[in-house]
Amino acid sequence: MVSQHEPYAGSKRAESPSSSKDPSCFSCSPSCQDESNSFDIPSKNRDPEVLQRWRNAALVRNPTRQFRYVENLERERHLQRFRASVHAVVAVIRFIEILKDGSRRSTVTPEELSFLIQQRNPHSLRAFGRIHGLASLLGTSLQEGLEDDDVRIQEQRERFGSNTYPRPPPKAFISFVFDAFKDPTLVILMICAALALGSDIKSHGIKEGWYSGVSIAFAVMLVVLVTSVSDYRQSLQFKKLNEEKRCILVDVERGGARKKISIYEVAVGDIVVLNIGNQVPADGLFVEGYALLIDESTMTGESRPVSVNHRQPFLLSGCKVTDGFGKMLVTGVGMQTEWGHLMANIAEDIGEETPLQVRLNGVATFVGQIGLSVAALVFVVLFIFYFTGHKEGSNGSGKFKSGHTSASLVFSSIIDIFAIAVTIVVVAVPEGLPLAVTLSLAFAMKKMMADKALVRRLSACETMGCATVICTDKTGTLTMNEMTVLRTWVAGKVRAVEDRSLSSDILSLLFESIVQGTSATVNAPIQSEEMKVMGSPTEKAILMWGLKLGLRYDMVKSHSEVLRVEPFNSTKKRSGVAVRIKANGHVRVHWKGAPEFILRESDMIMCSDNSIELLTNCRRQELLQVIEGMCASSLRCVAFGYLDLDDVNVPKTEEQLEVWKLPEGPLTLIAIIGMKDPCRPGVPEAVRRCQAAGVRVIMVTGDNLATAKAIATECNILESGIALEGVTFREYSDERRQEVLPRITVLARSTPSDKLLIVHTLKKLGEVVAVTGDGTNDAPALRAADIGLSMGIEGTEVAKESSDIIILDDNFASVVKVVRWGRSIYLNIQKFIQFQLTVNVAALSINFLAAVSGGDVPLTAVQLLWVNLIMDTLGALALATEPPTDDLLLTPPVGQKEPLISNVMIRNLFIQAIYQIITLLILQFKGKEILKLKGSKATQINATIIFNSFVLCQLFNEVNARKLEELNIIKGLFRNKLFIMIVSSTAVLQVIIVEFLNKFASTVKLSWQHWLICLMIGSLSWPIALVGKLIPVPKRPLWGSWHRRREPSFSENGSFITREYSHSENGSL
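Residues numbered from 1 in each chain as written. Predicted model: local features only at pLDDT ≥ 70, side-chain atom pairs only at ≥ 80, totals over all residues. Heavy atoms only, no water.

A.B. asks: What is the right way to read the packing of helix α32 (residues 938-960) against helix α35 (residues 1008-1019) from this model?
C.D. replies: Helix packing for two helices is described by the angle between their axes and how far apart those axes are. Close contact between α32 and α35 brings their axes to 8 Å; oriented N to C, the two are set at 40 degrees. Judged by the sense of rotation from one axis to the other, the crossing of α32 with α35 is right-handed. Across the interface between the two elements, Ile941, Ile945, Asn948, Ser949, Leu952, Cys953 and Phe956 of α32 pack against His1010, Trp1011, Cys1014, Leu1015, Ile1017, Gly1018 and Ser1019 of α35. Among the residues making up the contact of α32 with α35, the classes are represented as nine nonpolar, five polar and no charged. (Axes fitted to C-alpha atoms, helices over the stretch in contact; angles between N-to-C directions. Helix = DSSP H or I, 4+ residues; strand = E, 2+ residues; numbered from the N terminus. Left-handed = near helix turned anticlockwise from the far one by under 90°. Contact = heavy atoms within 4.5 Å. Nonpolar A, V, L, I, M, F, W, Y, C, P; charged D, E, K, R; others polar.)

Laid out in structure tokens, this is it:
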């Protein structure tokens, strides 16, 4: 029953810090101090050997079901092999298709287009009339794209195919039924049922002998059915969430207007806009752009970015844009691309084991080993007692008498004993523990979608509950990401935002800088629609300001041509563009960006009378005061400067232009603008909730220090702690950084490398770090953090793929909701552990003690299977899906290595288990005397009362388990309709089993007085639990050795202090 798998045969990677042996590793028992424990895995970047080790060590009844949602260790090697072969295979197929239809040139076929991209030979374009001729053949325009008409788009899809690929059909329900039947213990029970059926029919006739075997078989079928339904529903939830993850929005130009569409709606002939971090949605050709670098590692395995331009215009579907900007003509979609073939032939790996799942497998293995031992002892004891005349045979056949008892009765009795032992194994191996994590995660992922969070990696849900620090961006996360220009300094003085009194020459320079230095566009109004500006919030705000000043976008764009663009750089904090004026051929370079950088490179200033003056130190100080005034009002500042170039300083060839580094100065300063991005409603309160929950918030922004401090104050981040610039933090030594970082709450003028440095430093301090990011450069920090949170609206595809959770509304308040869900998952699992282990301890103890002392067991195989169903699938469904409450944010974060079974749980567990064991054993041995039961059915009535009381104890204890420490266990109960429905359904089924399915469950009907006794025994669990919660427990965990780590926090008066948390070196129990 222990799952064995072939070890992973891939190359062994160097052991990363996250996967190294940790002194706080999980241990199955107190005596186990081996640091290389199998049941401890990192939350990210797991070595395949580490994953294989825990799977080999786990005690599992049904590997197919248990390992359904784990990582496919062979997938990456299969992907590499298939990637290597798909190029040749697809090329041959396409070449054959072209030979069949090589004479056609007035039109173009999908096979010809595919072969063109496959060959990647620029000379092949000549056969189609180069890119302009190909666009004509495709019925599209390189300037305006396809007609924005549904009929026209559908014609393109019918002719060239849709941008989809066939996916394997979802597993049918019957597959989950077969998977559930792969549990060997259930198979053995079915065999026992068949043997018992044959033996009993032979001994008692078909009228009396059928029910024992059929009862066991029916109970097994019920377990299989409920398990299959639960698993099938989980699979549907995961499938729906995976569809959400695959939905990517892309910018296309149709009918001359830019719009966002789903990647699945892209058609051949579309003009797709590519920005940094985008995924190339289809095969295509470069139309226009600058400095476009493509990461083709997903298709070719080559990690070095490839430059795409007019000389090498080929773009492959599935690749990522690492730098620059461009537009592409789509030539191949779906199965006409290598990416389509690749995705259609590689099954999606939706599985991932989480650290909590693996730790619970360790708990289940430990408990299961005890259960196996108890089952073996029970079998041996009952076997001996039967043959020594101390135990009745099956179905009341009497005690064994040598030479008198028939062989069929002996055989039937042995089968009955064996079935009881096997059923004890079914109950004892708590496979519901790790599967409860999957159930809880599936439930949480579905609900988190409503809270605007899309989970990409399962383990991030539970890790988020352990987060102690959140490093958050400012723009779009803490703020609305809706920039508006509120203040301007233009041509020597502060002006109103809509001041049109500027001279035409100044406006011409300003408009040229705005239009040619942006990737944003202006969509002309259509009928009653307003004019729309498409682009990043900053670029949109600048363009909208230009439009208010009278900017005519198309006209300005036509007056000059772009020679070279240097995109915005997070280190330089500015972007540049070189343009050639068509009227006179002069070349001008425009720069815009952070004012301090533009001001540093400027030596002249444009004045309102069109004159140019020297930028003196006195004037420079005046400008710095203007900038500081804007920043103090929490405005983001952008400065504009330019310089004219002589022809001798301008490259002449296209090759030289591609590598030309634009001169950065000396510049003439034109304007400085201040843009307001208001704080999101609810963010200040969300920050306060984080701080109350023991989670520190650090704002990491590229803005000026004054702007950053103003926004941080609005958001309640800078109430205590300090603000620092990235360059200062960067220059500190490691020791100094670790000393200062606990006091930093704002890092301004930071780069993505500063964010990564913060993550590494915080992790060295023992923090569990969550990081938000939206740009391609944020990817390293998102991957390095314990939880990477990308933005769903402004986030690039590179950032999203590097993250663990996507915040769909880009709102920090949604991040706080994710923290709450993470804590809820951990707490729900603890509730289920307490409930299931209470049943385990009670059931095993009662059956073992009764067998050893009395030679009989009070709970039959069918009854134990029903108990297993209550505590396993139904119990997990009830307790692991409790919705979160705001009270979860009033406690400190959960330590990643804190014991799963706390001292409080141990107290609650043993109080309930001891009560049940004592009560039911008293009924087992003295029940008939205490209850004054007489007559031929006295023994059966007593056995039924024991079974009924035991089940009712579990139902009442299930309510107890909802609150581990709170005295009010009813609080919030009636808001959880699923819990009420499950407990109520279980109670109704118990009544039916006792009153109507007597032969099936070996019960008899009970009088109302006996039912009242059973209810009293069950309901006593509540007052006993109440009294038990008043018993204090030691703070030092009873299980495992411990170490402490320092964590920064806020004191009640707001000052910064250090707190200590204990962490187990034995993280399991």
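A.B. asks: I would appreciate a short explanation of a negative patch on the surface in the present structure.
C.D. replies: There is a patch of like negative charges on the surface, built from Glu147, Asp149, Asp150, Glu155 and Glu158. Summarising the element assignment, glutamate 158 is placed in helix α6 (residues 150-160). Its relative accessible area of 61% is what places glutamate 158 among the exposed residues. (Patch = residues over 30% accessible without salt bridge, like charges linked within 9 Å, V, L, I, M, F, W, Y side chains within 5 Å. Areas by Shrake-Rupley, 256 points an atom, 1.4 Å probe, with all protein chains shown as cover. Salt bridge = Lys/Arg side-chain N within 4 Å of Asp/Glu carboxyl O. Lys, Arg positive; Asp, Glu negative; His and termini not counted. Charge placed at Lys NZ, Arg CZ, Asp CG, Glu CD. Buried < 20%, exposed > 50% of the residue type's maximum accessible area, 1.4 Å probe, protein only.)

A.B. asks: It is not clear to me how the pairing of strand β23 (residues 744-748) should be interpreted in this structure. Could you clarify?
C.D. replies: Working note: regular strand, side chains alternate between the two faces of the sheet. Burial analysis of β23 places five of its five residues in the buried class, which makes it a mostly covered element. Looking at chain direction, strand β22 (residues 722-725) and β23 are connected through four bridges and run parallel. Counterpart to glutamate 725 in the pairing with β23 is alanine 748. (Pairing = 2+ DSSP bridges.)

A.B. asks: I would appreciate a short explanation of a nonpolar patch on the surface in the present structure.
C.D. replies: Taken together, the side chains of Phe910, Ile914, Ile918, Ile922 and Ile930 make up a nonpolar region of the molecular surface, amounting to roughly 460 Å² of accessible area. On the secondary structure map, isoleucine 914 appears in helix α31 (residues 903-930).

A.B. asks: Sorry if this is basic, but what is going on with the packing of α35 against helix α36 (residues 1021-1028) here?
C.D. replies: With their axes 5 Å apart at the nearest point, α35 and α36 run at an angle of 15 degrees to one another. In terms of their interaxial angle, α35 and α36 are classed as roughly parallel. Contacts from Ile1017, Gly1018 and Ser1019 of α35 reach α36 at Ser1021, Trp1022 and Pro1023. Grouping the amino acids of the contact of α35 with α36 by side-chain chemistry returns three nonpolar, three polar and no charged. (Parallel < 35°, antiparallel > 145°, perpendicular 65-115°, else oblique.)

A.B. asks: Explain unusual backbone geometry here, please?
C.D. replies: Outside of glycine, negative phi angles account for most residues, and trans bonds account for most peptide bonds. In the segment running from glycine 665 into proline 666, the intervening peptide bond is cis, with an omega of 0 degrees. Within the fold, proline 666 resides in the loop between α21 (654-659) and β20 (667-676). A positive phi angle, near 55 degrees, is found at arginine 130, a position not held by glycine. Looking at the secondary structure, you find arginine 130 in helix α5 (residues 130-137).

A.B. asks: Explanation requested: a positive patch on the surface in the structure shown.
C.D. replies: Together, Arg233, Lys240, Lys446 and Lys447 give the surface a local cluster of positive charge. Breaking the positive patch down by element, the ones donating at least two residues are α9 (211-246) and α14 (432-450). The topology assignment puts lysine 240 in helix α9.

A.B. asks: Quick question: what am I supposed to make of the confidence of the model for the chain here?
C.D. replies: Reading fine detail from the predicted coordinates is not recommended where pLDDT is low. Predicted confidence across the chain gives a mean pLDDT of 79, with 80% of residues reaching 70 or more. This stretch, residues 1-36, has a pLDDT under 50; its non-local contacts, to residues over four places away or in other chains, come to 92 contacts. Counted against residues more than four places away or in other chains, residues 1040-1069, with its pLDDT under 50, gives 111 contacts. (pLDDT = per-residue confidence, 0-100.)

A.B. asks: It is not clear to me how the sheet that holds strand β24 (residues 769-773) should be interpreted in this structure. Could you clarify?
C.D. replies: Sheet strands pair by backbone hydrogen bonding; their relative direction is either parallel or antiparallel. Spatially, β8-β26-β25-β24-β9-β21-β23-β22 is the arrangement adopted by the eight strands of the open sheet, whose pairing is mixed. The open sheet has two free edges, formed respectively by β8 (453-455) and β22, since each of these has just one partner strand. Across the sheet, the axes of successive neighbouring strands diverge by a mean angle of 20 degrees, strand direction being ignored. Where strand β9 (residues 469-472) lies against β24, three bridges are found, and the strand directions are parallel. When the sheet's bridge partners are listed, valine 469 is paired in β24 with valine 769. Its contacts with the sheet put helix α26 (residues 752-764) on β9, β21 (696-700), β23 and β24, and the angle it makes with β24 is roughly 170 degrees.

A.B. asks: Explain the pairing of strand β10 (residues 484-490) to me, please; I cannot follow it from the model alone.
C.D. replies: In terms of strand pairing, β10 meets β20 through six bridges, oriented antiparallel. Counterpart to threonine 488 in the pairing with β20 is isoleucine 673. Summarising the sheet, β10 and strand β11 (residues 493-495) pair through three bridges and their orientation is antiparallel. In the sheet register, tryptophan 489 faces β11, and the bridge partner there is valine 494.

A.B. asks: How should I be thinking about α31 in this particular structure?
C.D. replies: Residue pairs three or four apart in sequence face the same way in an α-helix, which turns once every 3.6 residues. The largest bend along α31 reaches roughly 65 degrees and is located at glutamine 924. Within two residues after α31, lysine 932 carries a phi angle of roughly 55 degrees, on the positive side. (Bend = angle between axes of the 7 residues up to and from the residue.)

A.B. asks: I tried to follow the packing of aromatic side chains on my own but got confused; where do I start?
C.D. replies: Aromatic ring pairs: the centre-centre distance and the angle between the two ring planes describe each pair. Tallied over the full model, the rule gives seven aromatic pairs. Between tyrosine 290 and phenylalanine 325 the ring centres are 5.5 Å apart and the planes differ by 35 degrees, which places this aromatic pair in the tilted class. With tyrosine 290 in strand β4 (residues 283-295) and phenylalanine 325 in strand β7 (residues 320-332), this pair connects stretches of sequence that are 35 residues apart. Look at phenylalanine 325 and you get buried, because its relative accessible area is 7%. Here phenylalanine 956 and tryptophan 1022 contribute two aromatic rings whose centre-to-centre distance is 5.1 Å and whose plane-to-plane angle is 75 degrees, an arrangement assigned as edge-to-face. (Phe/Tyr/Trp six-rings, centres within 6.5 Å; stacked < 30°, edge-to-face > 60°.)

A.B. asks: Quick question: what am I supposed to make of the UniProt feature "transmembrane region" (unreviewed entry) in the chain here?
C.D. replies: According to UniProt, the positions carrying the feature "transmembrane region" (unreviewed entry) are residues 366-388, 409-429, 978-998 and 1010-1031. For residues 978-998, helix accounts for 90% and strand for 0%, while the C-alpha atoms at its two ends are 29 Å apart. A helix fraction of 82% and a strand fraction of 0% characterise residues 1010-1031, whose end C-alpha atoms lie 32 Å from each other. (UniProt positions renumbered as here; feature names shortened; annotations may be inferred.)

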